[in-house]
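Notes for the structure review
Residues per chain are reported as follows:
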Amino acid sequence: MLPDRMVLACEILVVIQLIISILIVTLDPILQWQPFAIGLAVVLIIAAMVLYAYHNASVEFDEEWLAGAVSLIALIILFGFFYIIKGG
Amino acid sequence: MSEEQKSPIARFVEWIDSRFGFSDTILRPGPKYTFTPTYWLGGLAFLVFMLQGVTGAIILLFYIPSTDAAYELTSKMISSVPFGALLQTVHLYGGYAMIILALIHFLRCYFEGVYKKPRELMWMVGMLMGLCTLFMGFTGYILPWSVISGCAAHISLGILDYLPPQIGGPLKTFIVGIGTDEEILRRFCAYHVVILPAAVFLLFLIKLHMFEVHGPAEPVTPKHHLPDDAFERRPWFPDVLVYLLMQGFVFIAVLLLVSALFPLVLPPKFSMEAAASVHPEPEWYFMWMYTLLRINIFSGTYGTLAVICTVGLIGLIIFFLPFVDRSEARHPLERPTATTLGLIGIAEFIVLIVWGYLTPGENLPTEQAVLVLGLPALIIALICKYYFNSILVERGIRTPKKFAFEFLSAVARRRYLSVVAFSLLVSMTSCTAAGAVSDAACGNMLSAAMGTVFTGLLFFLAFALMYLTDRTANVPMKRKFGPLEMGGE
């Protein structure tokens, strides 16, 4: 079983994923395909993070927090690109 | 655990499994040691192949293989079809990704000796898949019929003219029929869309069957260095599937990100006037071959034929490698020759690609080629020779012998001095080798012979210096599987 804090983290990630999914479907498919692609990349990375948590449910998440943190940083960078390109 | 205590996700997984019967399929459970990215590179390449199938099928809805329409339709798809640019760009980078993954998978299997008994045929099937992947990339490159595509088609078919007419003629007719632009495009489209993907899929099924029979190769790392539960088997569903999905999601995300940041820019349409104004270049994965053909010594019919034969011979040796290398050792450190040759191969591949991009359309002097290609090979050969020698001595397999070049010890005792001397010797070796080749090309055979002898002497001096530097240091090197660890067992 996954610890409660991890379940909560996964739930928050899924909510973020939903928000981004809604955001990207509102984009213009011809002119704004680049932000769409970056948004889709973020959605997939969140899905991979949630799968990672459940795949390693029996493992104590000590070192894994580091991996999680790195993934979050990657996520933030992706958000940055997402908004820069959308703004441009 | 009762039904109420299970999480909603666990219940959902069980529901899926009970309906699809994944647990009862023939796919075998995976040992835990396979849950590392390097073990699933082939699977990841196949996932990208599937992605290429999906994106390619959609692109095909907007494409006609005709020299009049192909470019306009591709261009129109990029500019005015919803997600057209995304599909085209992802399809392009997906092709690159498939080739890169196949290449890394090949290297991993080579260095870890995965091709050895009983996986000889898996290796050969994998090699055929790799070849099909390369040709899929090449045929796809032709389809937009841009100026680069048209030139690439004509140049690559022109290479066949260097073969003996009894072979080249029928081969060309078999590949492109009567050889008009229209016919070339139509046939390449058929190869790219139907024949090559079907071949890859068929080969994949054969390989999957053999994988299920033999299972994943055991790691080369000694068992006592692995975690206790490394050989514990995990079910294919959901464990292996979830792991693959996780990797696949990350990989596709990276692909999307690269596509968004570096979108496809279509070159101008192919015409004879446009072709005259560009330096046609192959894609990066064939650039090494193009660079080789531009070296002066390989110009002309016989030179080109020599390159084709040499590359073909190396390809054949790699294809039949399981029957060439019959030793049982798998660890790269236990196979010094194979490891050294592999590292030299990687270095030459990268050097040829980079050199090709740095010198577009130029003829390359032979002496320069000896320097550019010889120097990395020489340095890697020397380092590997030194490294493996010291490992064998350290493990007690070989005893250090009295060395003929002991007089170099005076230099070798001073680390900084020996580094400078070593660099000088390696540079001088390459220069004399280049000079010898140049003399031989001019017909000055005496000078060439002297240059060769001098090159050999410098090479041995460089090696001797490196060897002695290690011997005089008196500091045991820290290695993962050193003699103390092995002796302590």
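Residues numbered from 1 in each chain as written. Chains lettered and ligands numbered in written order. Predicted model: local features only at pLDDT ≥ 70, side-chain atom pairs only at ≥ 80, totals over all residues.

Glancing now at the overall build of chain B. Summing up its helical and strand segments, chain B has 19 helices and two strands in all. Across the 489 residues in chain B, those meeting the buried criterion constitute 29%. Sequence separation of at least 24 residues holds for 81% of the intrachain contacts in chain B that already meet a minimum separation of 6. (Helix = DSSP H or I, 4+ residues; strand = E, 2+ residues; numbered from the N terminus. Buried ≥ 20, exposed ≤ 12 C-beta atoms within 10 Å, placed from the backbone. Contact = placed C-beta atoms within 7 Å.)

Another point: the overall build of chain A. Looking only at helices and strands, chain A has three helices and zero strands in total. Traced from its N-terminal end to its C-terminal end, chain A shows the element sequence α-α-α. Buried residues in chain A amount to 26% of all 88 residues. The contacts of chain A with a sequence gap of at least 6 include a subset with a gap of at least 24, amounting to 73%.

Now for the interface of chain B and chain A. Accessible area lost when the parts come together is the quantity often used to give the size of an interface. Contacts between chain B and chain A engage 20 residues on the former and 19 residues on the latter. Elements represented by at least two residues in the side of chain B that touches chain A include exactly helix H4 (84-111) and helix H9 (236-261) of chain B. In terms of residue count, H9 of chain B provides more of the side of chain B that touches chain A than any other element does, twelve residues in total. Taken together, the residues of the side of chain B that touches chain A sort by class into 17 nonpolar, three polar and no charged. (Nonpolar A, V, L, I, M, F, W, Y, C, P; charged D, E, K, R; others polar.)

What follows concerns the confidence of the model for chain A. Per-residue pLDDT for chain A has a mean of 78; in total, 69% of the residues score no lower than 70. Between the elements of chain A, mean pLDDT differs from a low of 66, seen in helix H3 (residues 63-87) of chain A, to a high of 87, seen in helix H2 (residues 33-55) of chain A. (pLDDT = per-residue confidence, 0-100.)

The next point concerns the environment of Gly 215 of chain B. Mapped onto the fold, Gly 215 of chain B is located in the loop between helix H8 (181-214) and strand E2 (233-234). Given 15 C-beta atoms within a 10 Å radius, Gly 215 of chain B is considered partly exposed.

Backbone geometry follows two general trends: most residues other than glycine have a negative phi, and most peptide bonds adopt the trans configuration. Residue and element names in this part refer to chain B. The linkage connecting Lys 117 with the following residue, Pro 118, adopts the cis geometry, with an omega of 10°. As for its placement among the helices and strands, Pro 118 is situated in the loop between H4 and helix H5 (120-142). The phi dihedral of Phe 83 falls on the positive side, at around 60°, and the residue is not glycine. Considering the arrangement of structural elements, one finds Phe 83 in the loop between helix H3 (70-80) and H4.

Time to look at the nonpolar core. If you look at the biggest cluster of nonpolar residues, it comprises 85 residues, and the most contacted ones within it are Ala 37, Ala 41, Leu 44 and Ile 45 of chain A together with Ala 45, Ala 253 and Leu 256 of chain B. For this core, the element with the highest residue contribution is H2 of chain A, accounting for 16 residues. Leaving out residues up to four positions away in the same chain, Ala 45 of chain B has contacts with Met 98, Leu 101, Ala 102 and His 105 of chain B. Ranked by size, the runner-up nonpolar core spans 14 residues in total, among them Ile 295, Leu 352, Leu 364 and Val 370 of chain B. (Core = buried A, V, L, I, M, F, W, Y, C linked by C-beta atoms within 7 Å.)

Residue and element names in this part refer to chain B. Within the secondary structure layout, Lys 116 lies in the loop between H4 and H5. Remark: the alpha-carbon pair of Lys 116 and Thr 34, spanning 82 residues in sequence, is separated by 18 Å. Contacts of Lys 116, omitting those with residues within four sequence positions, involve Pro 322, Glu 328 and Arg 330.

This part covers the packing of helix H2 (residues 41-60) of chain B against H4 of chain B. Geometry of a packed helix pair, given as the angle between the helix axes and the separation of the axes. Residues and elements named next belong to chain B. Closest axis-to-axis distance for the H2/H4 pair is 9 Å, and the angle between their directions is 160°. Here H2 lies roughly antiparallel to H4, going by the angle between them. You can see that H2 and H4 cross each other, and the crossing is left-handed. Partitioned by chemical class, the residues of the contact of H2 with H4 number 15 nonpolar, nine polar and one charged. (Axes fitted to C-alpha atoms, helices over the stretch in contact; angles between N-to-C directions. Parallel < 35°, antiparallel > 145°, perpendicular 65-115°, else oblique. Left-handed = near helix turned anticlockwise from the far one by under 90°.)

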